[in-house]
Amino acid sequence: MILRYHFSLSQSQQIRITDSSLTFVSLLGSILKQALLKAWNSACADKRMATLLIPSGKNFLISRATSFNGPCKSAISVQIDGNIMAPNKIWTNKAVNFISFNNINNLFVYGQGMINGQGAIWWNCFRKYISFNFSYVRSCQLLNFENCNNLDVRYIKLRNGPRRHLAFHSCTNITVDQITVTAPGNSPNTDGINISNSQHIEITGSTFATGDDCIAISSGTSDVNITKITCGPGHGISIGSLGKGGVGAAVDKVHVFDCNIFNTMTGVRIKTWQGGSGFVRDVSFERINVTQVGAPIDINQFYTDAPQEHAVAISNVKFIGIHGISAKKTAIKIDCSGTVPCTGLFFDDINLARFGGNRTVLASTKNAHGTTKGKIIPPIKLLGNYEGQ
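Keep in mind the model is a prediction, meaning the values are calculated, not measured. Within every chain, residues take consecutive numbers counted from 1 along the sequence as written. Per-residue local features are limited, in this predicted model, to residues with pLDDT of at least 70; the limit for side-chain atom pairs, both in listing and counting, is 80 or more; totals at the level of whole chains, interfaces and linings are taken over all residues. Values reported for side chains reflect all heavy atoms of the structure, with hydrogen atoms and water molecules removed beforehand.

Asks: Even after reading the chapter, I still don't get the packing of aromatic side chains, so can you show me in this structure?
Replies: To describe a pair of aromatic rings, you give the distance between the ring centres and the angle between the ring planes. Centres within 6.5 Å make a pair out of two Phe, Tyr or Trp rings, where for Trp the six-membered ring is used; the pair is then stacked when the planes are under 30 degrees apart, edge-to-face when over 60, and tilted otherwise. Inspection of the entire model under this criterion finds eleven aromatic pairs. Aromatic pair Phe68 and Phe101: ring centres 5.0 Å apart, planes at 20 degrees, arrangement stacked. Of this pair, Phe68 sits in strand β6 (residues 66-69) while Phe101 is found in strand β9 (residues 99-102), placing the two residues 33 residues apart along the sequence. The class for Phe68 is buried, based on a relative accessible area of 5%. The cut-offs for exposure are 20% and 50% of the maximum accessible area for each residue type, with area from a 1.4 Å probe on protein chains only; residues under the lower value are buried, those over the upper are exposed, and the others partly exposed. Given the relative accessible area of 3%, Phe101 is considered buried. With a centroid separation of 4.9 Å and 15 degrees between ring planes, the pair formed by Phe319 and Phe347 is classed as stacked. Linking Phe319 in strand β29 (residues 313-326) with Phe347 in strand β31 (residues 342-354), this pair joins segments that are 28 residues apart in sequence. The numbering of helices and of strands both runs from the N terminus, where a helix is a DSSP run of H or I of at least 4 residues and a strand a run of E of at least 2.

Written out as structure tokens, the structure is:
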């Protein structure tokens, strides 16, 4: 038996507003948040499988950060069929997330609803104060999962997050399927998904249109499979950035397959800072179609900072079946360190061109060791096998 918990408000606790034929259930003080958490606590404490239902047909305005915490007594589902909305204002001065799930095993989040961060006011603040250390402007994520194992996120829509839309930190066994993430192409730092310190991840059948990376993979992440993704606009699908401030990095076993990327700054990318340490290894990008992409293939060990003795080592990276249209003449950029060069690179079946009259594109490589196979357009100059470290 699966028990279903509805959160509810009495008539005296509700403010109903009609706007463009939509009914909003708004917040009187912290009543709505309290009602959600009360329903969550009941579901989480139940020893039988339980579902927290956010019903369809309404928009629920939540005025502040809300955390759903475990551990729970059994597997638990959150069915989001209504729309959850953040206030149209800067609603915190702390580095918090709008909605977060923490320390929960066997969690299923799904539904036909949407979480709308109303992020425009945050983006304006970020642009205005980018040189200042306002960590809350830089840190707020729309939907965050931390220390969750056996996690399934499906079908939901995320829109206009203050910063990143969906983040996983220290999670294992994650499935993300058929979600949609949207924000304007000029919205700053609005990554679709960011993954850090997490393992065994499947992301499939999802659509991302944002102002930053569609998917960004950060340090501590291993065994990631990304398939059938539509990405654009944005910055493409990225590993990194890694190694900032001399920090060690570890990313391996990342496989990106059968994706469409369009109107993005880059296509598939690995980006690391000088002075870092650690590794990115055993990565493949395969069957990627690109349209009007600034740099369809990009490895950059000089993401920022001047050359230094140390760098994050990049090795055993495969690019197979990368086809389409580059927005710039230099379609392939491989810029690697002289002291810690890229090794074990492999290119097969690469066919890139520009739109219009002169369709010729170029590849730029530096300190890149590897091999090619089959047709490679544009030609790529690689160094031979790398013997030392």
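Following the structure, the description resumes.
Asks: Just to check I follow, could you spell out the pairing of strand β27 (residues 277-293) for this structure?
Replies: Consecutive side chains along a regular strand alternate between the two faces of the sheet. Taken together, the 13 bridges between strand β25 (residues 248-262) and β27 define a ladder with parallel strand orientation. Counterpart to Asn260 in the pairing with β27 is Asn289. Here β27 pairs with β29 via eleven bridges, running parallel. From the neighbouring strand, Asn289 faces β29, where its bridge partner is His323. Strand pairing is assigned whenever DSSP identifies at least 2 bridges connecting the two strands.

Asks: Before we go on, may I ask you to explain the state of the cysteines in this structure?
Replies: Defined simply, a disulfide is a covalent bond joining two cysteines at their sulfur atoms. A pair of sulfur atoms, both from cysteines and within 2.5 Å, is called a disulfide here. Overall, the coordinates contain three disulfides when judged by the stated rule. Residue Cys44 pairs covalently with Cys72 via a disulfide, S to S 2.1 Å. Disulfide Cys44-Cys72: torsion about the S-S bond near -105 degrees, hence left-handed. Note that Cys44 is positioned in helix α1 (residues 31-45) and Cys72 in the loop between β6 and β7 (76-80), a separation of 28 residues in sequence. For the pair Cys44 and Cys72, one class covers both residues: buried. Two residues share a disulfide in this structure: Cys336 and Cys342, whose sulfurs sit 2.0 Å from each other. Disulfide Cys336-Cys342: the torsion about the S-S bond is -95 degrees, which places it as left-handed. A single burial state applies to Cys336 and to Cys342, both of which are buried. Cysteines bonded in the protein are numbered consecutively along the chain; their disulfide partners then correspond to 1-2, 3-4, 5-6. Free of any disulfide, Cys259 has its nearest neighbouring cysteine sulfur in Cys231, separated by 8.4 Å.

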